[in-house]
Amino acid sequence: GAVVSQHPSWVICKSGTSVKIECRSLDFQATTMFWYRQFPKQSLMLMATSNEGSKATYEQGVEKDKFLINHASLTLSTLTVTSAHPEDSSFYICSARGLGGAYEQYFGPGTRLTVT
Amino acid sequence: GENVEQHPSTLSVQEGDSAVIKCTYSDSASNYFPWYKQELGKGPQLIIDIRSNVGEKKDQRIAVTLNKTAKHFSLHITETQPEDSAVYFCAAWGGYQKVTFGTGTKLQVIP
């Protein structure tokens, strides 16, 4: 149980284009989803927290107009990187917390974004 | 906000030996401490966790200890195997329900 999927697993896009990453909880309902960014050999940095049906809460320093997050259902959240630039290249990981879950979060496999 | 320090950053052990990774945290309100294992190119996987009302928890070869007074917690892996090789992250959930991750420890188990 508690499986989280991400799609795509990797994507290459040109500078200036937008990319959408999907995060799905496959066997549970996720009231809260988290989006992280991870640079090579570094830790996970929380970008934003989204609750189903409400606007995401962004961490300080994260541009909400650049990283659009939508959590329209209890099993799906999306992260759209708008007008991507090479510095947006990174490993993006989502996690989900289920109904009644106080702390436990389950991570997706990550999406490797490369902007050329 | 919460600050989590993790040591060592790299750790090499012989197969069969034990490995210990330590983390310290700053927010005394933190009350949940998970440990994650991340293999190359994959997302983190929860391997063990501990809540603030417990001092130790064990699951087969993996154990976690928590010292609330000193604000540190440790991951212990016994009888290490090559498949234990990965990056391990500690984390702490703070008073505002926010999680802060440690900087990671790259564990290499030498056959």
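In this text the structure is predicted, and so the values were computed from the model without any measurement.

Chemist: What exactly am I supposed to notice about the state of the cysteines here?
Modeler: Disulfides are covalent bonds that connect the sulfur atoms of two cysteines. Inspection of every chain in the model, using the stated rule, returns two disulfides over all chains. Residue Cys-23 of chain A pairs covalently with Cys-94 of chain A via a disulfide, S to S 2.0 Å. Residues Cys-23 of chain A and Cys-94 of chain A are joined through a disulfide that is right-handed, its torsion about the S-S bond being 80 degrees. Of this pair, Cys-23 of chain A sits in strand 3 (residues 19-25) while Cys-94 of chain A sits in strand 9 (residues 90-98), placing them 71 residues apart in sequence. A relative accessible area of 0% places Cys-23 of chain A in the buried class. Each sulfur in the disulfide pair Cys-23 of chain B and Cys-90 of chain B lies 2.0 Å from the other. On the sign convention where negative means left-handed, the S-S torsion of about -100 degrees between Cys-23 of chain B and Cys-90 of chain B marks this disulfide as left-handed. Taken together, the residues Cys-23 of chain B in strand 3 (residues 19-25) and Cys-90 of chain B in strand 9 (residues 86-93) connect sequence positions 67 residues apart. Neither Cys-23 of chain B nor Cys-90 of chain B differs from the other in exposure class; each is buried. Its sulfur unpaired, Cys-13 of chain A is 18 Å from the next cysteine sulfur, which belongs to Cys-94 of chain A. By relative accessible area, which is 9% here, Cys-13 of chain A ends up buried.

Chemist: Looking at this structure, I do not really get the sheet that holds strand 1 (residues 4-7) of chain B. What am I missing?
Modeler: Strands in a sheet are paired, the pairing made by backbone hydrogen bonds, and the direction either parallel or antiparallel. Residue and element names in this part refer to chain B. A sheet is described by the order of its strands in space; here five strands give the open sequence 1-3-8-7-6, paired in antiparallel fashion. Two strands lie at the open edges of the sheet, namely strand 1 and strand 6 (56-59), each paired on one side alone. Strand-to-strand twist in this sheet, taken as the mean axis angle between neighbours without regard to direction, amounts to 15 degrees. Looking at chain direction, strand 3 and strand 8 (residues 72-77) are connected through six bridges and run antiparallel. From the neighbouring strand, Val-20 faces strand 8, where its bridge partner is His-76.

Chemist: Where do I start with the confidence of the model for chain B in this structure?
Modeler: When pLDDT drops low, the exact placement of atoms in the prediction is not to be read closely. Scored by pLDDT, chain B comes out at a mean of 93, with 97% of its residues at no less than 70. Here strand 10 (residues 99-101) of chain B stands out as the element of chain B with the lowest mean pLDDT, 90, in contrast to strand 2 (residues 10-14) of chain B, whose mean of 98 is the highest.

Chemist: Would you mind going over the pairing of strand 7 (residues 67-73) of chain A with me for this structure?
Modeler: For a regular strand, side chains alternate in direction, first toward one face of the sheet and then toward the other. Residues and elements named next belong to chain A. As paired strands, strand 7 and strand 8 (residues 76-81) are joined by five bridges and run antiparallel to one another. When the sheet's bridge partners are listed, Phe-67 is paired in strand 8 with Val-81. Between strand 7 and strand 8, which follow one another and run antiparallel, lie two residues.

Chemist: How should the packing of aromatic side chains be read in this particular structure?
Modeler: Ring pairs (aromatic) are described by centroid distance and by the angle formed between their planes. Scanning the entire structure with this criterion turns up 12 aromatic pairs over all chains. Centre to centre, the rings of Tyr-25 of chain B and Phe-33 of chain B are 4.7 Å apart; their planes meet at 45 degrees, and the pair counts as tilted. In this structure Tyr-25 of chain B comes out as buried when scored by relative accessible area, which is 6%. An angle of 65 degrees between the planes, with centres 5.6 Å apart, marks the rings of Trp-35 of chain B and Phe-73 of chain B as edge-to-face. With a gap of 38 residues between them, Trp-35 of chain B in strand 4 (residues 32-38) and Phe-73 of chain B in strand 8 connect regions that are remote in the sequence. Classification of Trp-35 of chain B as buried rests on a relative accessible area of 0%. Taken together, the ring pairs in this structure connect Tyr-36 and Phe-107 of chain A together with Tyr-36 and Phe-101 of chain B into an aromatic cluster.

Chemist: I would appreciate a short explanation of the pattern of salt bridges in the present structure.
Modeler: A pair can form between side chains of opposite charge whenever their charged atoms are brought close. Following the criterion strictly, the structure yields seven salt bridges over all chains and no others. Overlapping salt bridges, with partners in common, bring together Lys-37, Glu-39 and Lys-42 of chain B in one network.

Chemist: Is there a simple way to think about the interface of chain A and chain B in this case?
Modeler: By convention, interface size is frequently given as the accessible area that disappears when the constituent parts associate. Taken together, the contacts link 17 residues of chain A with 18 residues of chain B. The junction of chain A with chain B conceals about 1,500 Å² of combined surface from both sides, 56% of it contributed by carbon and sulfur atoms. Across the contact surface, chain A and chain B share one salt bridge. When the shortest N-O distance is used, the salt bridge between Glu-104 of chain A and Arg-51 of chain B registers 2.7 Å.

The rules behind each value
- Residues numbered from 1 in each chain as written.
- Chains lettered and ligands numbered in written order.
- Predicted model: local features only at pLDDT ≥ 70, side-chain atom pairs only at ≥ 80, totals over all residues.
- Heavy atoms only, no water.
- Disulfide = S-S within 2.5 Å.
- Helix = DSSP H or I, 4+ residues; strand = E, 2+ residues; numbered from the N terminus.
- Buried < 20%, exposed > 50% of the residue type's maximum accessible area, 1.4 Å probe, protein only.
- Pairing = 2+ DSSP bridges.
- Axes fitted to C-alpha atoms, helices over the stretch in contact; angles between N-to-C directions.
- pLDDT = per-residue confidence, 0-100.
- Phe/Tyr/Trp six-rings, centres within 6.5 Å; stacked < 30°, edge-to-face > 60°.
- Salt bridge = Lys/Arg side-chain N within 4 Å of Asp/Glu carboxyl O.
- Contact = heavy atoms within 4.5 Å.
- Buried area = accessible area lost by both parts, 1.4 Å probe.

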